[in-house]
Amino acid sequence: MARASTGRKLFVVFNYLFLAATAAACLLPLLNVLAISFSSSSAVAAGEVTLWPVDFSLKSYAFVIGKPEFGDAFLISVLRVAVGMPLNMLLTILVAYPLSKERKHFRFRNAYAWYFVLTMLFSGGLIPWFMTIKMTGIIDTFWALILPGAVPIFNVILLLNFFKSLPDEIEEAAEIDGAGRWQALWRIAVPLSAPAVATLTLFCIVTHWNSWFEGLILMNRPEHYPLQSYLQTVIVGRDMALMTAADVARWAEISDRTSKAAQMFVAMLPVLLVYPFLQKHFAEGIVMGSVKG
């Protein structure tokens, strides 16, 4: 094997340095926020905190998660992800698969495709959206967080294009062996699209977990808020109606920066824990989705 040229070695070194600098640019701000969340308010106000906590303190986290309402809101968010993500993926697959076929297989394919695209490009506005949901009778219920966004059109378009990239010969061979449309979808198209399915699954999880606006608009009672809506109300909005005398006294012991830093990490921790497991499936899906010659 020929030895690598000097130019190739410099290119590899530059790539490693560039990737290391990019990783540091992403990681260092997170470490700084984490250090702030574990530091005392006086140390943060004095600007003494960089990448390591100063005067280690858990008061900010105690304030964020100390109330019973936090556990209820956390459970609602977990249930929202557990119910909303499978529903999103099921409907996304069922919509994207027929739309990926040619007109000779699905006569009205273009009409349906434009119908879904137009709903993504043009919105009726906040008031019609709210009135439509209100007329269905699901306001202030768990389903108000699930059903309005049950069909994510952007995800449908991504999966549609991935389905279209699959060789037609694979499904034709399955049809010759006696497979029907449902078998071709669930036993061939979906397994071969594992990278796209895994990516869209992560999108759905992050969307449901991070959404806070729907909770504030569609829920009439604070005890029905998902986690992000609850944290936004208590930490960002500082709704005094949701704070007891003990909460007010505890708020005086922390600063706005430490509480917001604690909020950020409490909110992002579940996604950070889930992502490595889906990252593994990305690599497996690439192997499963490859077409062997």
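Going by the structure above, here's the rest.
Residues numbered from 1 in each chain as written. Predicted model: local features only at pLDDT ≥ 70, side-chain atom pairs only at ≥ 80, totals over all residues. Heavy atoms only, no water.

Draft legend 1. Spotlight on the overall build of the protein chain. Of the regular secondary structure elements, the protein chain holds 14 helices and zero strands. Going from N to C terminus, the protein chain has its helices and strands arranged as α-α-α-α-α-α-α-α-α-α-α-α-α-α. Per-residue burial for the protein chain yields a buried fraction of 36% across its 293 residues. Partitioning the contacts of the protein chain with sequence separation of at least 6, the portion at a separation of at least 24 is 70%. As presented, the protein chain carries roughly 17,500 Å² of accessible surface, and 69% of it is formed by carbon and sulfur atoms. (Helix = DSSP H or I, 4+ residues; strand = E, 2+ residues; numbered from the N terminus. Buried < 20%, exposed > 50% of the residue type's maximum accessible area, 1.4 Å probe, protein only. Contact = heavy atoms within 4.5 Å. Areas by Shrake-Rupley, 256 points an atom, 1.4 Å probe, with all protein chains shown as cover.)

Draft legend 2. Just the layout of surface pockets, in detail. Put simply, the largest pocket is a space of about 660 Å³. In terms of lining, the largest pocket is formed by 26 residues, of which the most central are Trp 129, Pro 148, Gly 149, Val 151 and Pro 152. Elements supplying a minimum of two residues to the lining of the largest pocket: helix H4 (68-99), helix H5 (109-121), helix H7 (153-165) and helix H10 (194-210). Sort the elements by how many residues they give to the lining of the largest pocket and H10 lands first, with four residues. Looking at the lining of the largest pocket, its residues break down into 14 nonpolar, 10 polar and two charged. When its volume is computed, the second largest pocket comes out at roughly 340 Å³. (1 Å grid on protein atoms, 1.4 Å probe; cavity = no way out; pocket = protein on both sides within 12 Å on 5 of 7 lines; lining within 4 Å. Points joined across faces, edges and corners; volume = space filled by probe spheres on them. Nonpolar A, V, L, I, M, F, W, Y, C, P; charged D, E, K, R; others polar.)

Draft legend 3. View of the environment of Phe 162. Take Phe 162: it is sitting in helix H7. Residues Phe 162 and Ser 193, spaced 31 residues apart in sequence, show a C-alpha to C-alpha distance of 6.9 Å. The contact partners of Phe 162, leaving out residues within four places of it in the chain, are Leu 192, Ser 193, Pro 195 and Ala 196.

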